[in-house]
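Observations on chain architecture
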Amino acid sequence: MEERGILGVKPRKQSAARIRGRKWLKRREIWLVALGIALHAVYMLSIFDIYFKSPIVHGMDPVSPRFTPPAKRLVLLVADGLRADKFFEPDSDGNYRAPFLRSVIKERGRWGVSHARPPTESRPGHVSIIAGFYEDPSAVTKGWKANPVEFDSVFNKSRHTFSYGSPDIVPIFCKALPHSTWNTYPHEYEDFATDASFLDEWSFDQFKSIVNRSKEEPKLKQLFQQDQNVIFLHLLGCDSNGHAHRPYSSIYLNNVKVVDRIAEGVYNLLESYFKDNQTAYIFTADHGMSDKGSHGDGHWSNTDTPLVVWGAGVKNPKPASNNQQNHGERFVDEHDMHDTPTPDDWGLSTIERVDVNQADIAPLMSTLLGLPCPVNSVGSLPLDYIDLNKGDEVEAVLANAQQILNQFLRKSQLKQASSFRFKPFEPLAQYTSILDEIESLISIGDYEHAMKLSENLRSLSLNGLHYFQTYDWFMLMSVILLGYFGWMLCLILHVLQFYTSLPGKILKKEEAVFTRDHPSKVYLCGSLMLASIFIVLYLEHSPPLYHAYFAMTIFLWTNIFGEYQFLRAIWKYFLQTKESRHIIELSATCIASIIVLELLVRSFTERIMYTWCFLIVGVISSLFLYKSIPWKSGIPAFLWLACWFLSVFTLMPAEIPDNTVLVSISGLIIVVVGVFSRYLDKHTKDNKYWRYLVNRYSKPKFPILYHLQALLVGLSSVLVYLSTSHRTEKRELLALHQMMNWSIAGISMVLPLFSATDILSRLTSIFLGFAPPFLLLSIGYEAVFYGALGLALFGWISFENALLYVNKPNKSLTSFEAENGNILLEEGDRCLQLSDIRIPVVFLVFFNIAFFGTGNFASIASFEISSVYRFITIFSPFLMAALLIFKLFIPFMLVICAFSAITKLVKVPRSGCYFLVILCSDVMTIHFFFLVKSTGSWMEIGNSISHFGIVSAQVVFVLLLFALTNIYTKDIQTQSTNQVSRKTM
């Protein structure tokens with residue numbers, strides 16, 4: 001009998017041609033991976049050209065209203081973070097918190113609810129109120145901290161603006177405004193530990209002081225006496241108190257009374273100062289406040305804010321009618337509905353309520369003062385607030401419509417100047433005739449029809465703005481989508497050519513020898529097409545990234561058509577296949593894989609998907625094996641329990657609560673798992689159901705290695721308790737403890753390199769080796785998750801091991817290679833089969849649950865920074881971030897080590913499986929590409945970008961982790977299926 005090597009096959013000297021072929025394949029795959037990295041990097045940037053282009057344009061002329069302004073000056077009071085229900089509802093004693101403003105609503109003003117649009121944050125809220133447009137989506141490039149493009153506002157158009165309030169809001173509008181007088185309090189005043197209502201008092205006191213000074217300073221008095229002045233007081237108290245104490249706290253509710261007193265104080269101060277009844281007043285809020293003391297999303301508690309308007313030019317209260325109709329363009333999102341009934345406890349059901357969109361307040365202020373609307377405003381004038389005659393009402397709405405039309409015309413002009421084939425917005429192609437007709441109707445006094453045409457023009461202009469905002473979407477999305485499909489097809493062709501038996505089968509059926517030479521005609525046509533498109537893009541003055549998108553896509557499809565001989569041979573082969581069973585198997589496999597991948601996409605927002613996944617898989621996989629493997633083997637039962645144990649963790653909150661005792665107990669669980677694995681390794685060498693996982697000839701370099709690893713896990717559990725107790729008692733972390741934590745974490749990760757090289761021994765050692773640093777970085781149940789993940793991964797390996805036993809392979813490797821002589825596989829590897837797609841799909845499931853099991857993958861903020869306090873207590877952002885990221889990497893390391901071990905166990909090429917992993921992840925990438933959001937809360941927008949970026953980056957991320965884990969898995973050795981089959985016989 002010939003001598004066999006440790007892999008079960010006698011080592012053979014390889015031919016020079018085969019060695020050269022493998023080197024060529026390696027170079028080709030390096031090029032393919034580099035192409036994938038470049039492609040995903042470029043296509044990731046495409047979302048900023050598609051979803052996050054600024055809607056703001058410049059170069060429009062302002063439209064001056066053609067009527068006498070009803071007010072000489074305007075006061076804008078914004079109570080930051082004041083939600084509508086807390087403002088309107090009574091307290092527990094039945095008394096209303098804002099008696100002055102309620103008297104205004106009932107006696108001399110109009111009221112309603114101003115509906116903010118997500119993100120419900122202070123900066124975009126104030127921009128919406130004062131400038132008339134919603135959050136600029138390109139602000140994502142500034143980290144949401146500033147508007148990246150200069151914009152117009154009501155303050156710009158005013159004669160002079162007086163402004164006092166927060167240093168985060170007032171400078172946005174007044175810092176670069178020469179005709180403004182403003183002041184802010186220091187950032188240090190914003191102390192969440194105190195009652196922040198004093199900030200509102202500060203703003204009022206500053207304004208009161210300057211009003212009193214004007215009585216003694218002639219220049220200041222002259223400044224105050226001008227027409228078209230704006231007075232803006234930003235009242236931050238409710239926002240700060242809401243964050244610190246929640247909106248149902250007595251401090252927050254008392255702050256509502258404070259802003260009401262300030263509104264009354266401002267009204268009395270100015271009425272006694274001017275004595276002309278020519279001042280208009282607007283009281284509102286930028287956003288509300290959720291019960292948790294936060295804001296940002298589209299929940300009604302954040303979007304519904306109070307609006308009270310009174311003074312010069314404002315209509316008096318009107319009894320409520322049965323069918324209230326609100327003017328203006330309405331928006332309805334998933335959280336917020338307009339025209340909801342007024343709650344009875346507000347006590348205002350008998351008075352007409354006029355709701356508005358938040359951006360409608362800007363044209364309201366401009367109309368009251370007779371100013372041109374801000375040139376970037378998209379707000380619609382709410383006529384029910386303004387007391388004008390019919391003719392002036394039409395003129396006001398027409399000015400509002402013309403201002404929005406001018407934005408449309410400017411966008412149309414800019415797009416036409418840079419478009420090779422311009423497609424105009426057809427409904428406004430004859431806008432001049434619409435304007436002429438409106439003017440004609442006004443001249444003959446037909447105000448009703450003129451109003452309808454003006455409102456229709458405004459609506460069409462808003463639609464036209466959206467049309468040009470999304471003008472390039474179809475073209476860009478088509479190019480990016482074709483690029484992704486081209487990339488995925490390149491991966492499929494690569495795997496089919498070099499990792500499957502398909503080329504060998506094709507060679508048998510083809511009389512001519514199959515060649516992979518790339519025809520020059522295809523490349524010539526591809527080059528000419530690319531040159532033509534580049535010329536068009538140059539003439540259109542397109543951004544450089546547009547060239548990159550087209551270049552990537554055309555290059556990929558040129559390579560695909562360069563393989564037309566192989567594609568034709570595949571098509572011919574399938575047409576000649578007589579058995580429909582293969583087509584059915586292929587279709588069923590693809591459909592099942594796509595369903596699993598789509599569920600993974602859903603799991604990014606619903607972690608409970610993993611719970612259902614592992615509950616179902618635990619039952620199905622166990623029943624599947626039970627038919628072929630006796631229950632006494634323990635594999636079906638173990639697989640069932642391991643899956644169900646892991647399913648528990650995605651039911652737990654993503655915000656991990658502190659539980660030091662649980663972390664310490666987790667160390668014991670990990671040791672028990674290690675002992676169980678060692679027991680199997682020692683007592684199942686002759687068990688036919690486990691033979692593929694153990695190797696009797698493999699020995700650890702140190703006999704006490706596993707005892708030492710178990711000891712380090714136990715020590716880390718003790719140190720977790722000691723380090724946390726010191727921090728809880730507000731004592732400094734001892735240098736000895738800190739040094740021991742670092743030492744144990746470092747030494748434990750080196751020890752697996754000295755373990756035995758059979759699958760079970762090496763993976764057990766890796767599991768025990770990464771446990772100490774993970775425990776030391778844990779604060780709660782994620783430490784138990786580590787043990788559960790290890791058990792589930794072992795269950796995966798056990799399942800693949802059981803499949804090897806069930807399939808009982810009996811074909812020799814030599815004869816297999818002879819059948820597929822053109823395949824450049826590594827020694828001992830077999831060709832990939834259709835059923836092997838389960839390996840990359842299951843890998844992606846574990847890859848994602850490695851994060852979602854203990855937190856929110858999309859936001860590193862969901863992982864507690866307190867995790868690093870056992871290693872460092874002095875603030876060091878880079879080191880702390882590095883430790884936090886390392887903690888997140890550890891579950892990944894386990895998953896990829898198990899994946900590498902499985903590829904060796906079932907004898908499939910790991911490179912081929914890697915490309916299949918990228919192929920599957922790009923199915924998810926395409927879905928996330930269409931899920932990117934440019935509206936909603938900053939968190940919702942950021943998460944959608946993160947999801948897309950995460951799956952796009954897997955081509956690099958997985959490759960990097962493969963390289964890192966290869967240190968531990970490269971010398972894993974397995975018994976061949978042939979050797980085990982002979983032993984069984």
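Note that the coordinates shown come from a computational prediction; the quantities given were computed from them, not determined experimentally.

**Describing the overall build of the chain**
Secondary structure summary: the chain contains 35 helices and 8 strands in total. Expressed as a percentage of its 985 residues, the buried residues of the chain come to 56%. For the chain, the share of sequence-separated contacts (at least 6 apart) that also reach a separation of at least 24 residues comes to 80%. As presented, the chain carries roughly 42,700 Å² of accessible surface, and 61% of it is formed by carbon and sulfur atoms.

**Quick notes on the nonpolar core**
Counting 155 residues, the largest nonpolar core has W487, L646, Y786, F843 and F846 as the members making the most contacts within it. Within the second largest apolar cluster, 64 residues are counted, among which are V78, A131, F133 and L405.

**Digging into the layout of surface pockets**
Taken as a whole, the second largest pocket holds about 1,400 Å³ of empty space. Around the second largest pocket, the lining comprises 48 residues; the ones closest to its centre are Y471, D472, M475, E540 and Y546. Residue assignment for the lining of the second largest pocket shows that the elements contributing at least two residues are α1 (16-50), α13 (390-417), α15 (447-469), α16 (473-499), α18 (520-539) and α19 (544-562). Class assignment of the residues belonging to the lining of the second largest pocket gives a composition of 27 nonpolar, 13 polar and 8 charged.

**Some remarks on the pairing of strand β1 (residues 73-79)**
The buried fraction of β1 amounts to 7 of the 7 residues, a majority that puts the element mostly inside the structure. Alternating positions in β1 separate into two faces, R73, V75, L77 and A79 on one and L74, L76 and V78 on the other, with burial throughout. Note: β1 against strand β5 (residues 229-235), 7 bridges, orientation parallel. In the sheet register, L74 faces β5, and the bridge partner there is V230.

**Some thoughts on empty space enclosed by the protein**
Taken as a whole and assessed by the stated rule, the structure comprises 6 cavities of 30 Å³ or more. The calculated volume of the largest cavity comes to roughly 230 Å³. Around the largest cavity, the lining comprises 17 residues; the ones closest to its centre are L763, T764, F767, G790 and F794. In terms of residue class, the lining of the largest cavity is built from 14 nonpolar, 3 polar and no charged. V63, P65, F67, S366, T367, L371, P372, C373, A396, A399, N400 and Q403 are the residues that line the second largest cavity. Mapped by element, the contributors of at least two residues to the lining of the second largest cavity are α12 (361-369) and α13.

**Some thoughts on the confidence of the model for the chain**
Within the chain, residue pLDDT values average 84, and 85% of them lie at 70 or more. Mean pLDDT across the secondary structure elements of the chain bottoms out at helix α29 (residues 813-819), with 41, and peaks at strand β6 (residues 279-284), with 98. Here residues 1-13 is modelled with pLDDT under 50, and outside its nearest four sequence neighbours on either side it reaches 20 contacts, counting other chains as well. Under a pLDDT of 50 for its full length, residues 324-337 has, in the predicted model, 38 contacts with residues more than four places off or in other chains.

**So, the pattern of salt bridges**
Counted according to the given criterion, the structure contains 20 salt bridges. Where R213 meets E217, a salt bridge forms, and the shortest distance between an N and an O atom there is 3.5 Å. Classification of R213 by relative accessible area gives partly exposed; the value is 41%. The salt bridge involving D355 is made with R353; its shortest N-O contact spans 2.7 Å.

**Concerning unusual backbone geometry**
Note that the residue after P118, namely P119, is joined by a cis bond; omega there is 5 degrees. As for its placement among the helices and strands, P119 is situated in the loop between β2 (109-115) and α4 (122-131). Its identity is not glycine, yet Q228 carries a phi of approximately 60 degrees, on the positive side. Its location among the elements puts Q228 in the loop between α8 (218-224) and β5. Assessed through its relative accessible area of 18%, Q228 is described here as buried. With a phi angle near 80 degrees, R246 is a residue other than glycine that sits in the positive phi range. If you trace the backbone, R246 turns up in the loop between α9 (237-245) and α10 (250-274).

**Some words on the packing of aromatic side chains**
Evaluation of the coordinates by the stated rule reveals 62 aromatic pairs. Members of the aromatic cluster, connected to one another through ring pairs, are F843, F847, F889, F892, F899, Y914, F915, F957 and F962. Between the NZ or CZ atom of R73 and the centre of the ring of F274, over which it lies, the distance is 3.6 Å. Between R102 and the ring centre of Y96, over which it is positioned, the NZ or CZ distance is 3.5 Å.

**What to know about the packing of helix α21 (residues 580-603) against helix α32 (residues 910-931)**
One can describe the packing of α21 onto α32 by two numbers: an axis separation of 9 Å at closest approach and a directional angle of 45 degrees. The angle between α21 and α32 places the two elements in the oblique class. As for the relative orientation of α21 and α32, their crossing is right-handed in sense. From α21, L597, E598, L600 and V601 reach across to α32, where they touch C920, V923, M924, H927, F928 and L931.

**Details of the packing of α4 against α12**
Contact geometry of α4 with α12 gives a least axis separation of 5 Å together with a crossing angle of 35 degrees. For the pair formed by α4 and α12, the contact residues are S128, I129, I130 and A131 on the first element and I361, A362 and M365 on the second. Considering only residue class, the contact of α4 with α12 consists of 6 nonpolar, 1 polar and no charged.

**Topic: α9**
Residues lying three or four places apart along an α-helix face the same way, a consequence of the helix completing one turn every 3.6 residues. Within α9, burial applies to G237, C238, D239, S240, N241 and G242. Next to the buried residues of α9 lie α7 (197-214), β5 and α10. Taken from the residues just after α9, R246 is the one with a positive phi, measuring 80 degrees.

**Remarks on the sheet that holds strand β4 (residues 180-184)**
One key point about sheets: their strands pair by backbone hydrogen bonds, in either a parallel or an antiparallel sense. An order of β4-β3-β5-β1-β6-β7-β2-β8 is seen for the 8 strands of this open sheet, with the pairing classed as mixed. A strand with exactly one partner marks an edge of an open sheet, and here the two such strands are β4 and β8 (356-357). Sheet topology note: the strand β3 (residues 160-165)/β5 ladder contains 5 bridges and is parallel. Directly across from Y164, in β5, lies its bridge partner L233.

**Overview of the environment of E190**
Structurally, E190 is set in the loop between β4 and α7. A C-alpha to C-alpha distance of 8.9 Å links E190 and L236, two positions 46 residues apart in sequence. Discounting chain neighbours no more than four positions away, the residues touching E190 are S166, P167, D168, Y185, L199 and L236.

**Considerations on the pairing of β2**
Where burial is concerned, most of β2 is hidden: 7 out of the 7 residues are buried. Strand direction decides the pairing type here: β2 and strand β7 (residues 304-311), joined by 7 bridges, are antiparallel. Each bridged residue has a counterpart across the sheet, and for R110 the counterpart in β7 is V309. Both β2 and β8 contribute to a ladder of 2 bridges, which runs parallel. For H115, the partnering residue across the bridge sits in β8 and is N357.

**Focus on the environment of K72**
Take K72: it is sitting in the loop between α1 and β1. We classify K72 as partly exposed; its relative accessible area is 34%. As for K72 and L369, which are separated by 297 residues in sequence, their C-alpha atoms are 6.1 Å apart. What K72 contacts, discounting residues up to four positions off in sequence, is Q226, D227, Q228, N229, D276, Q278 and L369.

**A look at the side chain of T284**
Within the element layout of this structure, T284 appears in strand β6. Take T284: its relative accessible area is 0%, and that puts it in the buried class. In this view, T284 contacts L76, L77, V78, A79, S114, I129, T305, P306, L307 and I361; residues no more than four positions away in its chain are not counted.

About the criteria used
Residues numbered from 1 in each chain as written. Predicted model: local features only at pLDDT ≥ 70, side-chain atom pairs only at ≥ 80, totals over all residues. Heavy atoms only, no water. Helix = DSSP H or I, 4+ residues; strand = E, 2+ residues; numbered from the N terminus. Buried < 20%, exposed > 50% of the residue type's maximum accessible area, 1.4 Å probe, protein only. Contact = heavy atoms within 4.5 Å. Areas by Shrake-Rupley, 256 points an atom, 1.4 Å probe, with all protein chains shown as cover. Core = buried A, V, L, I, M, F, W, Y, C linked by side-chain atoms within 4.5 Å. 1 Å grid on protein atoms, 1.4 Å probe; cavity = no way out; pocket = protein on both sides within 12 Å on 5 of 7 lines; lining within 4 Å. Points joined across faces, edges and corners; volume = space filled by probe spheres on them. Nonpolar A, V, L, I, M, F, W, Y, C, P; charged D, E, K, R; others polar. Pairing = 2+ DSSP bridges. pLDDT = per-residue confidence, 0-100. Salt bridge = Lys/Arg side-chain N within 4 Å of Asp/Glu carboxyl O. Phe/Tyr/Trp six-rings, centres within 6.5 Å; stacked < 30°, edge-to-face > 60°. Lys NZ or Arg CZ within 6 Å of the ring centre and 35° of its normal. Axes fitted to C-alpha atoms, helices over the stretch in contact; angles between N-to-C directions. Parallel < 35°, antiparallel > 145°, perpendicular 65-115°, else oblique. Left-handed = near helix turned anticlockwise from the far one by under 90°.

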